[in-house]
Amino acid sequence: MIKSICCIGAGYVGGPTMAVIALKNPHIKVTVVDVNQERINAWNAQNLDKLPVYEPGLAEIIAQMRNVNLFFSTQVNEAIQQAEMIFISVNTPTKTYGLGKGMAADLKYVELCARQIASVATTNKIVVEKSTLPVRTASTIKSILKQSQNNVQFEILSNPEFLAEGTAINDLLNPDRVLIGGDYHTPEGKNAIAALSEIYKNWVTTDKIITTNIWSSELSKLTANAFLAQRISSINAMSAICEATEANIDEVAFAIGKDSRIGDKFLKASVGFGGSCFQKDILNLVYIAQTFGLNEVADYWQQVISMNNYQKSRFARKIVQEMFNTVSGKKIVLLGWAFKKDTNDSRESAAIDIANYLIEEQAELHIYDPKVTAQQIFTDLEKSTTIPQEELATKIKIYNHPDTIFQQAHAIVIVTEWDQFKTFNYTNIKKQMQQPAFIFDGRNILNPSEITQIGFHYIGIGK
Ligand code: NAD
Ligand code: UDX
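Residues numbered from 1 in each chain as written. Chains lettered and ligands numbered in written order. Predicted model: local features only at pLDDT ≥ 70, side-chain atom pairs only at ≥ 80, totals over all residues. Heavy atoms only, no water.

**Student:** Before we go on, may I ask you to explain empty space enclosed by the protein in this structure?
**Tutor:** Where empty space is left becomes clear once a probe the size of a water molecule has been rolled over the atoms. If you walk through the whole model with that rule in mind, you get two cavities of 30 Å³ or more. In this structure, the largest cavity is lined by Glu243, Gln311, Arg314, Phe315, Lys318, Gly460 and Ile461. Counted by class, the lining of the largest cavity contains two nonpolar, two polar and three charged residues. Computed from the structure, the second largest cavity encloses a volume of approximately 30 Å³. Considering the residues around the second largest cavity, the lining is formed by Glu129, Ser131, Thr132, Leu133, Ser158, Pro160, Glu218 and Lys221. (1 Å grid on protein atoms, 1.4 Å probe; cavity = no way out; pocket = protein on both sides within 12 Å on 5 of 7 lines; lining within 4 Å. Points joined across faces, edges and corners; volume = space filled by probe spheres on them. Nonpolar A, V, L, I, M, F, W, Y, C, P; charged D, E, K, R; others polar.)

**Student:** I'm lost on the site of ligand 1 in this one. Help?
**Tutor:** What surrounds ligand 1 is a group of 25 residues, the closest being Asp34, Arg39, Thr92, Glu165 and Lys280. Contact distances for ligand 1 include 3.0 Å between an oxygen atom and a backbone N or O atom of Thr132. Taking Lys280, its side chain carries an N or O atom lying 2.5 Å from an oxygen atom of ligand 1. Taken by itself ligand 1 offers 840 Å² of open surface, and the protein chains cover 93% of this. Among the residues making up the shell around ligand 1, the classes are represented as nine nonpolar, nine polar and seven charged. Inspection of the shell around ligand 1 shows a minimum of three residues originating in each of domain 1 (4-212) and domain 2 (213-463). (Near = heavy atom within 4 Å. Polar contact = N/O pair within 3.5 Å; in protein donor to acceptor, adjacent residues only side chain to side chain. Areas by Shrake-Rupley, 256 points an atom, 1.4 Å probe, with all protein chains shown as cover. Domains from an automatic or database assignment.)

**Student:** What should I look at first to understand the domain arrangement of the protein chain in this one?
**Tutor:** The extent of an interface is frequently quoted as the accessible surface area lost upon association of the parts. Taken domain by domain, the protein chain consists of domain 1 (4-212) and domain 2 (213-463). One C-alpha centre belongs to domain 1, the other to domain 2, and the line joining them spans 31 Å. Three residues stand out in domain 1 for area buried against domain 2, namely Tyr54, Met103 and Glu165, and they jointly supply 25% of the buried area on that side. On inspection of domain 1 and its partner domain 2, the count reaches one salt bridge. With a closest N to O distance of 3.6 Å, Glu165 and Arg347 form a salt bridge. Applying the counting criterion to the domain 1 and domain 2 interface returns 13 residue pairs in polar contact (both at pLDDT 80 or more). Among the secondary structure elements, those contributing two or more residues to the side of domain 1 that touches domain 2 are helix 6 (137-145), strand 6 (154-158) and strand 7 (178-181). Each residue belonging to the side of domain 1 that touches domain 2 can be placed in one class, and the counts come to 22 nonpolar, 13 polar and six charged. (Buried area = accessible area lost by both parts, 1.4 Å probe. Salt bridge = Lys/Arg side-chain N within 4 Å of Asp/Glu carboxyl O. Helix = DSSP H or I, 4+ residues; strand = E, 2+ residues; numbered from the N terminus.)

**Student:** Could you clarify how one ought to interpret the site of ligand 2 in this entry?
**Tutor:** Close contacts around ligand 2 come from 20 residues, with Leu163, Lys221, Ser270, Lys340 and Arg443 the closest. Contact between ligand 2 and Gly274: an oxygen atom at 3.0 Å from a main-chain N or O atom of the residue. Lys340 is positioned with one of its side-chain polar atoms (N or O) 2.7 Å from an oxygen atom of ligand 2. Protein coverage of the free-state accessible area of ligand 2, which is 660 Å², stands at 92%. Of the residues that constitute the shell around ligand 2, the class distribution is 11 nonpolar, three polar and six charged.

**Student:** Would you mind going over the layout of surface pockets with me for this structure?
**Tutor:** Of the volumes computed, that of the second largest pocket is approximately 400 Å³. Lining the second largest pocket are 21 residues, and of these Ala105, Leu107, Pro134, Thr137 and Tyr287 lie nearest its centre. Put simply, the parts of the chain that give the lining of the second largest pocket at least two residues each are helix 5 (108-120), helix 6 and helix 11 (278-291). A breakdown of the residues in the lining of the second largest pocket according to their chemical character gives 13 nonpolar, four polar and four charged. Each of domain 1 (4-212) and domain 2 (213-463) gives at least three residues to the lining of the second largest pocket.

**Student:** Looking at this structure, I do not really get the packing of aromatic side chains. What am I missing?
**Tutor:** Given two aromatic rings, their pairing is described by the distance between the two centres and the angle made by the two planes. Taken as a whole, this structure holds 13 aromatic pairs when the rule is applied. A ring pair is formed by Trp43 and Phe72, whose centres lie 4.9 Å apart and whose planes are at 5 degrees; its orientation type is stacked. On the criterion of sequence distance, the pair formed by Trp43 in helix 2 (residues 37-43) and Phe72 in strand 3 (residues 70-73) is long-range, its members being 29 residues apart. When its relative accessible area of 6% is taken as the criterion, Phe72 is described as buried. Seen from their ring centres, Tyr200 and Trp203 are 5.5 Å apart, and the 50 degrees between their planes marks the pair as tilted. Trp203 carries the same exposure label as Tyr200, and that label is buried. (Phe/Tyr/Trp six-rings, centres within 6.5 Å; stacked < 30°, edge-to-face > 60°. Buried < 20%, exposed > 50% of the residue type's maximum accessible area, 1.4 Å probe, protein only.)

Encoded structure:
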């Protein structure tokens, strides 16, 4: 039975996943390590508002388990040495250089982990791929680990993570399934699969723990994300047709969702999907297909990304068109910055593209998000624009509280579906704004007839 776990990477996956494993396995010492000292300090912060990841329910688990059997540290070597099982949960972003630039997953952090494990480990280890990886990465990890000079046996498993941000704790506590890929033909492989299954069996029923070969497991993760993103691009494509025909996308989604073969989840038309996973994983899938000469397959999945880019730019263009073809010098309130509600993560958020478009059109942006920090919002814009920092600072204002944000605004643009945006007093807000007052609801969270009755010019998605 495993008594000591190390997780390399204290990010959006490593932190919450290990917190739940520690909660459900009080007999296991779980150490989450990272090279980023600031991040580890934040995980160890006394003030739980300062945790680096915001997830409903996470702070409570951290408060309960931290320094009991859950530890956050930068002592990577020490944690590797002490652990019987090592999760690799580092980032695998899209490559920004060289071969496969803009498409392939950058595996440099994963490779560094494997090299570090190989050089440091002095006892046998089970190494678990938690990061999302291209199919066949396990063979790369295996060949690096083989170089170990310390006469150590390594067994490799793939255990992709299916949590969605904003609902991570609930997803971890009640997963649809846990997937474990391993070498089930060898006794060592079987033992490793059993050891990882034991950990999950403390709270997940056996029927939900699926075992496959390692390549199926790696590919299933990319496949799941591709299918999920495809649904959003499909519904968003239909939203454009709705806008041209007076059909209503919410009604269409409801009607088709009643078909049990289609199902009603993941059919919410939006300003476009964001987040650190969908785009990166599909680009990676496209790259893999191209590598095998499967160009039709690559083109097929590429369309999911193209449609998403189209949806974002279509929405941004619409804002300008509806406001008499110019937003120059106009005050526009952006509600939301996170890529979805209930997270402080803004990676690949549609908000970034919409904001950049409006800044190019010379709008004055006033931005509020309940969880993304002002510093993060500014950094996101700075990284994605060519406008110099000083000039950018004159074009945007970021608020910690929405109290005064609406004064003299020309338009409100809802980019994230935070619940609090639904309950704002829009009658009062309208009175503070310039007339005609516009609301662009990029998430279809408001009731169009109520908002129109208040006197707003309301523009949703697909209606
Ligand atoms: P993240 O960027 O939030 O965290 C990764 C962490 O790894 C960073 O803190 C980084 O400093 C650390 N790191 C990188 N190299 C390191 C090294 N050599 N040694 C120690 N620490 C190192 O990333 P994330 O969102 O947690 O994603 C991690 C992986 O999980 C990715 O492959 C991602 O595709 C996958 N995934 C993410 C989600 C999600 O919702 N974010 C869901 C499922 C799977
Ligand atoms: C996704 C997968 O859902 C998860 O299983 C995987 O482990 C990581 O990637 P995540 O990106 O955290 O999770 O959130 P998700 O709920 O999938 O939303 C992704 C984006 O799609 C968000 O911008 C969200 O607002 C958008 N979305 C989602 C829609 O626009 N419409 C929908 O119906 C659902």
